[in-house]
Amino acid sequence: MDPQELSRQKELLKEVYATCSRLKKIPLNDLLSALEEGKILYLEGLAVPAFRLKRDFRGLAAGTVVAPGVLIEGFPHIPRIFVLKTGIPRYLHGPFYAEEKIEGYNVRLARIGGEIKAFTRRGFVCPFATDRWPDFLPRLPDFFDEFPSYVICCEVAGPENPFVTEWPPYIKEDVRFFCFDIWDVSTERFLKPEEKYALLRRFSFPTPEISGPFSPEELKPLEELLLRYEEEGREGVVLKPLSFKKGRVIKYVTPASNVSDLRVAFPYLGELDPSYVVHRLVRMAISRWELGLGFDEEFYQALGAAIFEETSRVLHRVARGEPVEEVFRVRFRREEALEALISHFRTAQVRIEIRRKEWQEGYLRVTFAKIYPKATSFWASKLQGLAQID
Ligand code: ATP
């Protein structure tokens, strides 16, 4: 970064620091050094100066956003259990709810400097969710009028989202927003489930399916729920204790969701760490075993098809000299949001090509392809006969 820009950003960081009590737990000089080292980055796209944390830093999670008077923590990672019978009693010591785990991408919605913005897990402003929340959460401005220090955590999911190629099977077009947590910036806490559900209901914010409360002593009803989710191709559950003193939030996914992850991931090896595949195979083996789903021909056939059908198409493409790509479709309310998304991809070093763009019934409908250079060379180098020591 050129020295002039760095000193401008340092001045802005000092301004933010002076207004943000939570940030003051960290010495200012350490933050200024972190800015120099690229661990804290200036955040574009807001009316006020703001920064995001690239990695975990001094007790703050990656994706934390700081702006004048506000610090929005990065959304925490949720520990995964592999076995219900032994995992639940280990982490949950009282009644708990099972919220459907929605397959999509995480955004935190907050009002900063008078504007409602959606932040991605990494702390970028998400141009897509920032453009579309009014369609799904029309009462968000009233909510922030009443609760200015709250942050709504939600999953944006559906076949027409710009980031992920899996979505809940019951969403047939466009996207939906599912609100699953409320973070209070002033107390640095998540609201307890029942308080949160009441508020989400009051403002008509859609939520994931909520089941329970369940008891850690009686897991049959939860197993039945998961068998239904398995049948319906849903991702799994996030288990949330009624009282955070009586346990912690944990997640568990259905075997089917692992099959579906492999379908969308295997052709793109090279972009992903190969351990991604192993983790899913291990989870799937254990959960099928525990849920009594067994290992039969039908399962082997479904798993094999999931992994190899798309991969064989990718091999044909690469053999013809074409790059590995994935096609996305999205709808915007405003053209500027598309421009902001293109610039977001540029910053995140994701190569995209716009394939189609037209206004239809009030929405700008866009088709674009993401080009995957690492996946392309992963397969191409092998197809070109290169030897490898493994
Ligand atoms: P995944 O668990 O999907 O592999 P990940 O590696 O990002 O994703 P975590 O870091 O543990 O996992 O985060 C859990 C993810 O689950 C978050 O991205 C969050 O948005 C998503 N999620 C979906 N539904 C819920 C829900 N009902 N409650 C909490 N988180 C949920």
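As recorded by an unreviewed UniProt entry, the protein carries the name RNA ligase and is attributed to Thermodesulfatator atlanticus.

Chemist: Which residues make up the site of the ligand, and what values go with them?
Modeler: If you check the shell around the ligand, you find 17 residues, and the closest are His77, Ile78, Lys101, Glu155 and Lys251. One nitrogen or oxygen atom from the side chain of His77 is found 2.5 Å from an oxygen atom belonging to the ligand. Within the backbone of Ile78, one N or O atom sits 2.7 Å away from an oxygen atom of the ligand. In the complex, the protein chains occlude 82% of the 610 Å² of accessible area that the ligand would expose alone.

Chemist: Any chance you could break down the pairing of strand E12 (residues 236-241) for me, citing the residues and the numbers?
Modeler: The buried fraction of E12 amounts to 6 of the 6 residues, a majority that puts the element mostly inside the structure. Of the two faces of E12, the one lined by Gly236, Val238 and Lys240 and the one lined by Val237, Leu239 and Pro241 are each fully buried. Bridging between strand E5 (residues 96-101) and E12 involves 6 bridges; their strand directions are antiparallel. From the neighbouring strand, Phe96 faces E12, where its bridge partner is Pro241. Note: E12 against strand E13 (residues 250-253), 4 bridges, orientation antiparallel. Note on E13: the bridge partner recorded for Val237 is Tyr252.

Chemist: I'd like to hear about the pattern of salt bridges, residue by residue, with values.
Modeler: Scanning the model with the defined rule gives 41 salt bridges in all. For Glu160, the salt bridge goes to Arg331, with nearest N and O atoms at 2.9 Å. Remark: Arg331 occurs in strand E14 (residues 324-332) and Glu160 occurs in the loop between strand E8 (150-157) and strand E9 (176-184); sequence separation between them is 171 residues. Judged on exposure class, the residue Glu160 and its partner Arg331 are both buried. Across the pair Arg351 and Glu353 runs a salt bridge, and its minimum N-O distance is 3.4 Å. Judged by relative accessible area, Arg351 falls into the partly exposed class, the value being 47%. Shared partners join several salt bridges into a network, and the residues in it are Arg132, Asp135, Glu160, Glu173, Asp174, Arg331 and Arg365.

Chemist: Can you break down the UniProt feature "domain: RNA ligase Pab1020 C-terminal" (unreviewed entry) in the protein residue by residue, with the values?
Modeler: When the UniProt feature table is mapped onto this chain, "domain: RNA ligase Pab1020 C-terminal" (unreviewed entry) is found at residues 264-385. Helix makes up 53% of residues 264-385 and strand makes up 24%, while its end C-alpha atoms are separated by 26 Å.

Chemist: Which residues make up the sheet that holds E5, and what are the values?
Modeler: Read from one edge of the open sheet, 4 strands run E11-E5-E12-E13, paired in antiparallel fashion. Looking at strand neighbours, the two that pair on one side only are strand E11 (210-214) and E13, the edges of this open sheet. In this sheet, adjacent strand axes meet at a mean angle of 25° when their direction is disregarded.

Chemist: Lay out helix H7 (residues 220-232) with the relevant residues and their values.
Modeler: Within an α-helix, residues lying three or four positions from one another point in the same direction, as the helix has 3.6 residues per turn. The first and last C-alpha atoms of H7 sit 18 Å apart over 13 residues, in line with the 18 Å expected at 1.5 Å per residue. Of the positions making up H7, those classed as buried are Leu222, Glu223, Leu225, Leu226, Tyr229 and Glu230. Mapping the buried residues of H7 onto a view down its axis gives an arc of 160°, with all of them on the same face. Exposed side of H7, more than 90 degrees from the buried face: Glu224 and Glu231 are the residues found there. In the segment just after H7, Gly233 is the residue with positive phi, at about 75°.

Calculation rules
- Residues numbered from 1 in each chain as written.
- Predicted model: local features only at pLDDT ≥ 70, side-chain atom pairs only at ≥ 80, totals over all residues.
- Heavy atoms only, no water.
- Near = heavy atom within 4 Å.
- Polar contact = N/O pair within 3.5 Å; in protein donor to acceptor, adjacent residues only side chain to side chain.
- Areas by Shrake-Rupley, 256 points an atom, 1.4 Å probe, with all protein chains shown as cover.
- Buried < 20%, exposed > 50% of the residue type's maximum accessible area, 1.4 Å probe, protein only.
- Helix = DSSP H or I, 4+ residues; strand = E, 2+ residues; numbered from the N terminus.
- Pairing = 2+ DSSP bridges.
- Salt bridge = Lys/Arg side-chain N within 4 Å of Asp/Glu carboxyl O.
- UniProt positions renumbered as here; feature names shortened; annotations may be inferred.
- Axes fitted to C-alpha atoms, helices over the stretch in contact; angles between N-to-C directions.
- Expected span 1.5 Å × (residues − 1).
- Arc of directions from axis to C-beta.

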